[in-house]
Amino acid sequence: MRIAQIQSHVYKNKQENLDMLAEKLNRLDGKAVDLVAVGEMFTTPYETSCFPEYAEPEGGESWRQLSDMAREHRIYLSAGSVPEVDTEGRVYNTAYVFDREGRQIAKHRKTHLFDINVEGGQHFRESDTLTAGKGATVFDTEFCRMGICICFDCRFSEMVREMVLSGAKVVLVPASFNMTTGPAHWELMFRSRAVDNQCYMVGTSDARDPSFSYVSWGHSMVVSPWGDVVAEMDEKEGVQITDLDLPLVDKVRRELPLLQSLRG
């Protein structure tokens, strides 16, 4: 399975971000990519005040454009995450996944909201404007079952374990770690989740922009079920293409049967 991670610059104009994605997908034509992954809140600056302003309902204009892109390019599109508003006016950090026909095959609302206050470092409260989702999310592709969660969700090992016990061999994580948590925990977290769950972990970030109030760490990454970093970007805008060796998941699980040996 060949995946492409788009680590994109986030513009203040929503449509400009969607146009950017469309342009990068055009450039990927002919590279035999099966799935494309994008970063967290890639259509909006990562600021709590922006989330309600940029939010759209499921099936809205951004959703339709993303669906069209998946269908046009015949890819699975893990469309990062975007702010979603429901009929009651609640706003969520939501990840949509579309299949090669442009059909939505998964929807995950960020379950663990990013409310932190690190002394001398990052302060942020997603709960000021966002509502938490519920539960883990898995979906099926022609290659394998996959899971998806969003950024801070991945810090909770039980959520990744639930996806894996539901059959996931690959876990996608649209994310935007910052300049405090990124250097400390980004690689550590993805390697830990991969080793514990013997699956591929695919973390896709937004590119770094020091002019924003929230500065992303970048470093989109793929980690193998053995815990090896098989691909990693720097902080800049770009595209990373990686071939996932899915039989390796079965091999690691067979030779080191951790999941079969769970107790309690």
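Structural notes, computed from the coordinates. Since the structure is predicted, the reported quantities are computational estimates derived from the model, not experimental observations.

Concerning the overall build of the chain
From N to C terminus, the chain includes six helices and 15 strands. For the chain, whose C-alpha radius of gyration is 17 Å, the value lies close to the compact-globule estimate of 18 Å for 264 residues. Buried positions account for 56% of the 264 residues belonging to the chain. For the chain, restricting intrachain contacts to residue pairs at least 6 apart in sequence, the fraction spanning at least 24 positions comes to 68%. If you sum the accessible surface of the chain, you get close to 11,000 Å²; carbon and sulfur atoms cover 47% of it. The average position of the 29 basic charges and that of the 40 acidic charges among the side chains of the chain differ by 5 Å.

Quick notes on the packing of helix H1 (residues 14–28) against helix H3 (residues 61–73)
Running from amino to carboxyl end, H1 crosses H3 at an angle of 5 degrees, the nearest separation of the two axes being 11 Å. With respect to H3, the element H1 is oriented roughly parallel. Contacts from Lys 14, Gln 15, Leu 18, Leu 21, Ala 22, Leu 25 and Asn 26 in H1 reach Ser 62, Gln 65, Leu 66, Met 69, Glu 72 and His 73 in H3. Along the lines of polarity and charge, the residues of the contact of H1 with H3 split into six nonpolar, five polar and two charged.

Structural notes on the sheet that holds strand E12 (residues 200–205)
Reading across the sheet, the six strands line up as E9-E10-E11-E12-E13-E14 and stay open at both edges, with mixed pairing between neighbours. Looking at the sheet topology across the chains shown, the edges are occupied by strand E9 (137–140) and strand E14 (229–232). Ignoring which end each strand starts from, the neighbouring axes of this sheet average 20 degrees apart. Both strand E10 (residues 145–148) and strand E11 (residues 170–175) contribute to a ladder of three bridges, which runs parallel. What sits directly across from Ile 148, in E11, is Leu 172. Against the sheet, helix H5 (residues 181–197) makes contact with E11, E12, strand E13 (221–223) and E14, and its axis sits at roughly 155 degrees relative to E12, the strand it touches most.

So, H1
Helix length check: H1 (15 residues) gives 22 Å between terminal C-alpha atoms against 21 Å at 1.5 Å per residue, within 8%. Capping of H1 at its N-terminal end is provided by Asn 13; its side-chain oxygen lies 3.0 Å from the backbone amide nitrogen of Gln 15. Once H1 ends, the next one or two residues include Gly 30, with phi positive near 90 degrees.

Details of the pairing of strand E6 (residues 104–109)
Alignment of strand E5 (residues 91–98) against E6, held across five bridges, turns out to be antiparallel. The partner of Thr 94 across the bridge, within E6, is Arg 109.

Focus on the side chain of Asn 93
Relative to the elements of secondary structure, Asn 93 occurs in strand E5. Side chain to side chain, Asn 93 and Glu 40 meet in a polar contact 2.8 Å long. Setting aside residues no more than four positions away along its own chain, Asn 93 makes contact with Glu 40, Met 41, Ser 81, Val 82, His 108, Arg 109, Lys 110, Glu 126, Leu 130 and Ile 150.

Digging into the packing of helix H4 (residues 157–165) against H5
Where H4 contacts H5, the axes come no closer than 10 Å and their chain directions differ by 40 degrees. In terms of orientation, H4 and H5 fall into the oblique class. Here the hand of the crossing between H4 and H5 comes out right-handed. Along its contact with H4, which presents Ser 157, Val 160, Arg 161 and Val 164, the element H5 presents Arg 193, Asp 196 and Asn 197. Broken down by class, the residue content of the contact of H4 with H5 amounts to two nonpolar, two polar and three charged.

Rules used in this analysis
Residues numbered from 1 in each chain as written. Predicted model: local features only at pLDDT ≥ 70, side-chain atom pairs only at ≥ 80, totals over all residues. Heavy atoms only, no water. Helix = DSSP H or I, 4+ residues; strand = E, 2+ residues; numbered from the N terminus. Rg over C-alpha atoms; globule rule 2.2 N^0.38 Å. Buried < 20%, exposed > 50% of the residue type's maximum accessible area, 1.4 Å probe, protein only. Contact = heavy atoms within 4.5 Å. Areas by Shrake-Rupley, 256 points an atom, 1.4 Å probe, with all protein chains shown as cover. Lys, Arg positive; Asp, Glu negative; His and termini not counted. Charge placed at Lys NZ, Arg CZ, Asp CG, Glu CD. Axes fitted to C-alpha atoms, helices over the stretch in contact; angles between N-to-C directions. Parallel < 35°, antiparallel > 145°, perpendicular 65-115°, else oblique. Nonpolar A, V, L, I, M, F, W, Y, C, P; charged D, E, K, R; others polar. Pairing = 2+ DSSP bridges. Expected span 1.5 Å × (residues − 1). Polar contact = N/O pair within 3.5 Å; in protein donor to acceptor, adjacent residues only side chain to side chain. Left-handed = near helix turned anticlockwise from the far one by under 90°.

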